[in-house]
Amino acid sequence: MMIHSLALPPSDAEVDAWLAVLTSAAAVDLPQLPPPSRVEVAGRLCVTPARGRPVLWTAGAGEGTDEGEGVAALLLFTEEGNTHTAFLDVLTVRPGARRRGVGTALWERVREELLADGRTSVAAMLDLGGPGQAFAEAMGFENVLSMAWYVQDVPAGDTAADRSAQPPATPGYELLTWYGLVPDAWAPAAAAAHAAMEDAPTGDMDERIQTWTPERLHTLQQLILDRGGDLITVAAVTPGGEVAAYTEIVLPDPQGTSALQYDTVVVPAHRGHGLGRAVKRHMAAQAAARHPQLRRIATTVADENGPMRAVNEALGYRRERGVGIYQIKL
């Protein structure tokens with residue numbers, strides 16, 4: 001078994017080989033989901049993350065451009081307070097190559113990199129009940145935050161474009177929609193609202209929450225755009241210029257049929273007014289109007305986050321599958 005480190009950015013042929021591994025694995029492990037998009041995969045591999053240093057490996061008998069048997073992607077955080085930990089973004093083995101030691105060989109290379117860089121822990125997001133969970137637990141990982149994927153369908157021919165012209169009533173607040181970067185004039189207020197995410201459940205994760213600034217907000221949003229994605233933010237704002245609530249949606253591939261609901265936050269002082277439902281409802285309408293091919297919006301919510309699960313249920317989200325943040329101390 002040969003493990004190859006990929007130079008950054010990888011070549012087109014290496015991206016194609018990586019995509020082939022992910023596609024074959026997804027067809028077996030998650031056949032109900034749309035296949036991986038090359039736009040999204042290429043963006044994640046070729047554009048340097050804002051939060052750390054990426055390291056990529058492929059497993060196989062030949063060079064990295066040959067048909068691969070497995071792939072692994074590690075993000076070594078460089079942000080203040082998190083240089084002791086990392087995130088294992090991908091460790092996937094092609095179904096036909098499983099139970100041959102490919103995953104173990106990739107994990108040993110990942111572990112060597114972590115220890116050489118002085119990391120004391122690493123986390124990964126894994127689907128519950130799948131091969132990833134069984135493998136991670138065999139390697140010593142533990143579930144430190146139980147969550148689930150929730151999905152909202154966007155029917156073909158939906159009248160979202162008509163509904164988007166009439167935002168839900170939010171007395172005392174105005175709903176604003178921003179495409180791409182949050183405007184400079186609103187960036188400080190939006191960053192302050194992001195700080196309200198600090199009370200979201202994080203379980204026993206070793207990763208520390210970072211301070212939000214306008215600069216950090218724009219940097220992370222720009223990364224989405226640089227990777228070829230589309231970003232929409234809907235915010236409920238006050239007459240005094242405060243962002244009282246917001247939600248974000250990302251299409252990693254703007255031509256694809258799937259979107260990811262990112263953060264949805266209501267600032268504590270403004271809770272109890274239905275703002276969470278209002279911004280998410282308006283977001284779905286705006287996204288469907290901008291992307292008529294959109295058919296599905298997916299998001300993760302921690303099991304212990306009852307209020308957000310209630311909001312999602314009221315908007316028609318259904319629980320699709322369990323997922324967890326798995327972590328190991330080295």
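Just above, that's the structure.
Keep in mind that this is a model prediction, so the values were computed, not measured. (Residues numbered from 1 in each chain as written. Predicted model: local features only at pLDDT ≥ 70, side-chain atom pairs only at ≥ 80, totals over all residues. Heavy atoms only, no water.)

Let us look at the pairing of strand E8 (residues 230–237). Burial runs high along E8: eight of the eight residues are buried. Both faces of E8 are covered, namely the face carrying Asp230, Ile232, Val234 and Ala236 and the face carrying Leu231, Thr233, Ala235 and Val237. Sheet topology places strand E7 (residues 174–179) next to E8; six bridges connect them, and they run antiparallel. Each residue of the ladder has a partner; that of Leu175, found in E8, is Ala236. Pairing of E8 with strand E9 (residues 243–251) involves eight bridges; the strand directions are antiparallel. Pairing of Ala236 across the sheet is with Ala245, part of E9. If you look at the hairpin formed by E8 and E9, you'll find five residues sitting between the two strands, and Gly241 has a positive phi there, around 90°. (Buried < 20%, exposed > 50% of the residue type's maximum accessible area, 1.4 Å probe, protein only. Helix = DSSP H or I, 4+ residues; strand = E, 2+ residues; numbered from the N terminus. Pairing = 2+ DSSP bridges.)

Residue Pro9 is bonded to the preceding Leu8 through a cis peptide linkage, with omega at -5°. Counting through the fold element by element, Pro9 comes out in the loop between strand E1 (2–5) and helix H1 (12–29). Phi at Arg99 takes a positive value of approximately 65°, unusual for a residue other than glycine. Structurally, Arg99 can be placed in the loop between strand E4 (86–93) and helix H3 (102–116).

We now examine the pairing of strand E11 (residues 296–302). Within a regular strand, the side chains alternate between the two sheet faces. Of all seven residues making up E11, six are buried, and the element is well covered by its neighbours. The pairing of strand E10 (residues 258–266) with E11 spans three bridges and is parallel. Within E11, the residue paired with Leu260 across the bridge is Ala298.

Following both chains from N to C, one finds H1 and helix H2 (residues 38–46) inclined at 120°, their axes separated by 10 Å at the closest point. In this view, H1 runs oblique relative to H2, as classed from their interaxial angle. The two elements H1 and H2 cross, and the hand of that crossing is right-handed. Of H2, the residues touching H1 (which contributes Asp12, Val15, Asp16, Trp18, Leu19 and Leu22) are Arg38, Val41, Ala42, Leu45 and Cys46. (Axes fitted to C-alpha atoms, helices over the stretch in contact; angles between N-to-C directions. Parallel < 35°, antiparallel > 145°, perpendicular 65-115°, else oblique. Left-handed = near helix turned anticlockwise from the far one by under 90°. Contact = heavy atoms within 4.5 Å.)

In this structure the tally under the stated criterion is 15 salt bridges. As a salt-bridge pair, Arg53 and Asp117 come within 3.3 Å of each other at their nearest N and O atoms. Here Arg53, found in strand E2 (residues 52–60), pairs with Asp117, found in the loop between H3 and strand E5 (121–127); they are 64 residues apart in sequence, far enough to count as distant. Classification of Arg53 as partly exposed rests on a relative accessible area of 36%. Where Arg321 meets Asp127, a salt bridge forms, and the shortest distance between an N and an O atom there is 2.7 Å. Separated by 194 residues along the polypeptide, Arg321 in strand E12 (residues 318–329) and Asp127 in strand E5 bring together distant segments of the chain. Several salt bridges converge on common partners, so that one network encompasses Arg51, Glu79, Glu207 and Arg216. (Salt bridge = Lys/Arg side-chain N within 4 Å of Asp/Glu carboxyl O.)

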